[in-house]
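Single-letter residue listing:
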Amino acid sequence: MPGIKAVARLWLIAAFAIVGGIAAAPNRVAAERQKPLPVACSQLPAKLLGGNIKYANAQIVPANTSPGPQFNNFTGTAPSSAKVPVAYCLVVLSYSSTPASDPTPQNITIYVGLPLNSMDGGTTGATVNPPLNFTTVEGNWNGRTEGEGGGGCTGNTNVNATGAVANGFVGSGTDGGHGNPTDDPTNTCDQGVLSLGHLNKQYIADWVYNGPQQEILWSKKVANLYYGRAPLYNYWNGCSTGGHQGYALAQTLAGELDGILASAPAMYWTRFQTAQMWGQIAMFDIAQEVIPAGKLAAVQNAAIAACDKNDDVQDGIIDDPRTCTFNAKANVCGQPGAPAAPNCLTPTEANAVNVMWDGPRNDSGERIWFPIDRGTDFTFWDGNVPFGLAPVQFGWDLENPAYYNAGSFPGSYPGFWGNVALNSTTQPPGAVTTYAAVAQAGSNNVADLTDTFDDLDAFKASGAKMITFVGANDGLIMPRGVINYYRVMAERYAERDRLFAAISADAFDHNPSDRYRGIQKFYRLFHVPGVSHCGLGILNHGSLGPWPQNGADFNAVVNWVEKDIAPNQVIGTGNTAAPAFIPGSPTTLTRPLCPYPQTAVYNGSGNVNDAVNWQCGGDLERNIPVGTPLSGPPGQRVACYDVLARYKHEVKGPLDFEGSGVDPAICHADGLPRP
């Protein structure tokens, strides 16, 4: 719906009034002058209850103990039972700005975990949070807040999910309004459609925007009350849905946060969740089956082996999967080098896999959204049952809860989604629409509410910083979507003096990195090879590429905000023979992670698993696929293959170079790169 995010910004003006200005943009001089006394944890509910806060509870939770129960009148999601290694004050609030008679009332639960202040036994002046080594400014508090994001369609009920409270931060979370037992008892997103033709827009807005916004505003107010002073710095730390929420906050709550870590962001929620069904439809339309997991794992690993050396280094990692053009037909039974039965493919199975790797397209062959990349696990989307949120998204797209019926292979396969064909040339029995039509319906019906792709103008002006890490083989969110947004924003914030100089010298497209200098002053993206979602390894390959461990990613945000040290690299750690980080393992892998469009470049000698033998350099935007791509002429830069059909016109719309951040001059129909 047009203007929904502008409305979200305007709505916050009322929120500022509600919190009495206490949660206004941080003024550090005022924070130092303002010295009211701290209050006991037990006194907080009386100071918080009223107005839009319908419920307030506070309790001191002893170290290594689960929180006690809430009062009987509590109707939200109970806080996590996870134990924290330090004692803290836990505040639970219920927020609602809608009247009780509203047919879809708000019921947002907010959780705030506060290190004990001096009145409750905390010790001012202690050192916490190594290696940052903050000095506590009031009791056990380091003077900072850390909002923590959720995952999937759920919120986050654990105030120490990222170690915030244990490290001296005020940690916070929210259920996003999805915790009411009568609203969404199992956190499945099912309640996004009220009935045929009617979206639950309040439910969706609370989850994407209102819940995280209120979490930040109220965690800052509670901290101010409890410690008698405003926070010095305020941060966000989230991955997946937490990354999605981080982008929503950057786009609508500028001035309230100093630093955001928003990794593997599920930011194009409607478009990528819809695309998660592409593989299921491809298998059904082309192969009339769900391809067995062993066959999918074999062709996945064959692609890794074939494209491992695209960066001239054999290390079991595809540095940039966009350069990989491995054709699944190489794994057809009887082909040289194909695996033996039962893991080789039939010709129709190979065709289906190639369509999955090529990604969603309309009848004209134009890209609608991005594919699952070669080397990425098929496990999450393309098993006997579709990924849980994907058919639900079809229901949101078409405002029809019948699509929630996912089905299961072979018995009830396919579910209701079986009436959706890949395109108009593949019409399985019972098909009534096409994938492109569903995608277009989603873009027009709900994507403006779910997809966080607005500009960062106010965030940039506030002086805040944001960092994103995304696995190059993310098996849930399509990492090319994140790159697409970064490319578009890079164009928006390009340093125009350099840009015009480059154009006048006919050199603009010779160095795409010039376009990223402006955005890198406040927002940096790190492309992480060989890693799946939020630091998960590649399961079927049994490996984990280099991912920041032990808070190195969040520490990079803090150092950028507080010390003005922009991260030119962050060391990632993984294992060459395990899909999880195993400290001290003889298969440990370390490597520098670099601000996009740079990547780690091997020095040419020494152990390839040791970061000391790598340095940041190169330009991923100048990469050209190795071999023959499935669609489009060969020889173009990787971005040329990722230009999307115009948003909201997925069925027949033209390619939108501007909306994809791609200069059309570098993409030639003859496939010849510009010199």
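Structure shown above.
Just so we're clear, the structure is a prediction, and the values are computed from it rather than from any experiment. (Residues numbered from 1 in each chain as written. Predicted model: local features only at pLDDT ≥ 70, side-chain atom pairs only at ≥ 80, totals over all residues. Heavy atoms only, no water.)

1. Notes on the overall build of the chain
- Each helix and strand in the chain was counted, giving 16 helices and 20 strands.
- A burial count over the chain gives 60% of its 675 residues as buried.
- Taking the contacts inside the chain whose residues are at least 6 apart along the sequence as the reference set, 69% of them involve residues at least 24 apart.
- Surface exposure of the chain reaches about 23800 Å², of which carbon and sulfur atoms provide 55%. (Helix = DSSP H or I, 4+ residues; strand = E, 2+ residues; numbered from the N terminus. Buried < 20%, exposed > 50% of the residue type's maximum accessible area, 1.4 Å probe, protein only. Contact = heavy atoms within 4.5 Å. Areas by Shrake-Rupley, 256 points an atom, 1.4 Å probe, with all protein chains shown as cover.)

2. Considering the sheet that holds strand β11 (residues 259–263)
- Read across the sheet, 9 strands follow the order β1-β2-β3-β7-β6-β10-β11-β14-β15 without closing on themselves; strand pairing throughout is mixed. Unpaired on one side and paired on the other, β1 (53–61) and β15 (523–528) mark the two borders of the sheet. Ignoring which end each strand starts from, the neighbouring axes of this sheet average 15° apart.
- Relative to strand β3 (residues 108–115), strand β2 (residues 88–95) runs antiparallel, the two being bridged by 8 bridges. Across the sheet, the residue bridging to Leu93 is Ile110, located in β3.
- With respect to the sheet, helix α4 (residues 201–227) is in contact with β1, β2, β3, β6 (144–148), β7 (170–174) and β10 (233–239), its orientation differing from that of β3 by roughly 35°. (Pairing = 2+ DSSP bridges. Axes fitted to C-alpha atoms, helices over the stretch in contact; angles between N-to-C directions.)

3. Digging into the nonpolar core
- Ranked by size, the top nonpolar core spans 99 residues in total, and within it Trp396 and Leu456 carry the most contacts.
- Looking at this core, the element that brings in the most residues is α4, giving 7 residues.
- If sequence neighbours within four positions are ignored, Leu456 has contacts with Ala250, Gln251, Met466, Tyr485, Met489, Tyr493, Phe522 and Tyr523. (Core = buried A, V, L, I, M, F, W, Y, C linked by side-chain atoms within 4.5 Å.)

4. A look at the state of the cysteines
- All told, the structure shown has 7 disulfides when counted by the stated rule.
- The disulfide partner of Cys239 is Cys534, and the gap between their sulfur atoms is 2.1 Å. Looking down the S-S bond of the Cys239 and Cys534 bridge, the torsion is -110°, so its handedness is left-handed. Remark: Cys534 occurs in the loop between β15 and β16 (544–547) and Cys239 occurs in strand β10; sequence separation between them is 295 residues.
- Cys239 gets classed as partly exposed once you look at its relative accessible area, which sits at 22%.
- Classification of Cys534 by relative accessible area gives partly exposed; the value is 29%.
- With a sulfur-sulfur separation of 1.9 Å, Cys333 is cross-linked through a disulfide to Cys344. (Disulfide = S-S within 2.5 Å.)

5. Some words on the sheet that holds strand β17 (residues 570–575)
- Strand order across the open sheet formed by 3 strands is β16-β17-β18, with antiparallel pairing between neighbours. Edge positions in the sheet fall to β16 and β18 (588–593), since each of these pairs with one other strand and no more. Averaged over all neighbouring strand pairs, the angle between strand axes comes to 25°, with direction disregarded.
- Bridging between β17 and β18 involves 6 bridges; their strand directions are antiparallel. Looking across to β18, one finds that Gly574 is bridged to Leu589.

6. Observations concerning the pattern of salt bridges
- As enumerated under the stated definition, the model contains 17 salt bridges in all.
- Note that Glu349 and Lys295 form a salt bridge whose closest N and O atoms lie 2.9 Å from each other. With Glu349 in helix α9 (residues 347–358) and Lys295 in helix α8 (residues 293–307), this pair connects stretches of sequence that are 54 residues apart. Of the two residues, Glu349 and Lys295, neither departs from the other in class, the shared state being buried.
- Among the salt bridges present, the one from Asp642 reaches Arg480, with a minimum N-O distance of 2.8 Å. (Salt bridge = Lys/Arg side-chain N within 4 Å of Asp/Glu carboxyl O.)

7. Digging into the packing of α8 against α9
- Interaxial distance between α8 and α9 falls to 12 Å at its minimum, and their mutual angle equals 60°. As the angle between them shows, α8 and α9 are arranged oblique. For the pair α8 and α9, the sense of crossing is right-handed. Only Glu349, Val353 and Trp357 of α9 make contact with α8, whose side of the interface consists of Lys295, Leu296, Val299 and Ala303.
- Its residues placed into classes, the contact of α8 with α9 shows 5 nonpolar, no polar and 2 charged. (Parallel < 35°, antiparallel > 145°, perpendicular 65-115°, else oblique. Left-handed = near helix turned anticlockwise from the far one by under 90°. Nonpolar A, V, L, I, M, F, W, Y, C, P; charged D, E, K, R; others polar.)

8. Description of the side chain of Thr376
- Following the sequence through the fold, Thr376 ends up in the loop between α9 and α10 (389–398).
- Of the residues examined, Thr376 reaches a relative accessible area of 2% and is grouped as buried.
- One polar contact links the side chain of Thr376 to the main-chain carbonyl oxygen of Asp373, over a distance of 3.0 Å. (Polar contact = N/O pair within 3.5 Å; in protein donor to acceptor, adjacent residues only side chain to side chain.)

9. Structural notes on the pairing of β6
- Here β6 lies mainly inside the structure; 5 of its 5 residues are buried.
- Neither face of β6 is exposed, since Arg144, Glu146 and Glu148 on one face and Thr145 and Gly147 on the opposite face are all buried.
- Judged from the 5 bridges that link them, β6 and β10 form a sheet pairing that is parallel. Residue pairing across strands places Glu146 opposite Tyr235, the latter belonging to β10.
- Strand direction decides the pairing type here: β6 and β7, joined by 3 bridges, are parallel. Looking across to β7, one finds that Thr145 is bridged to Val170.

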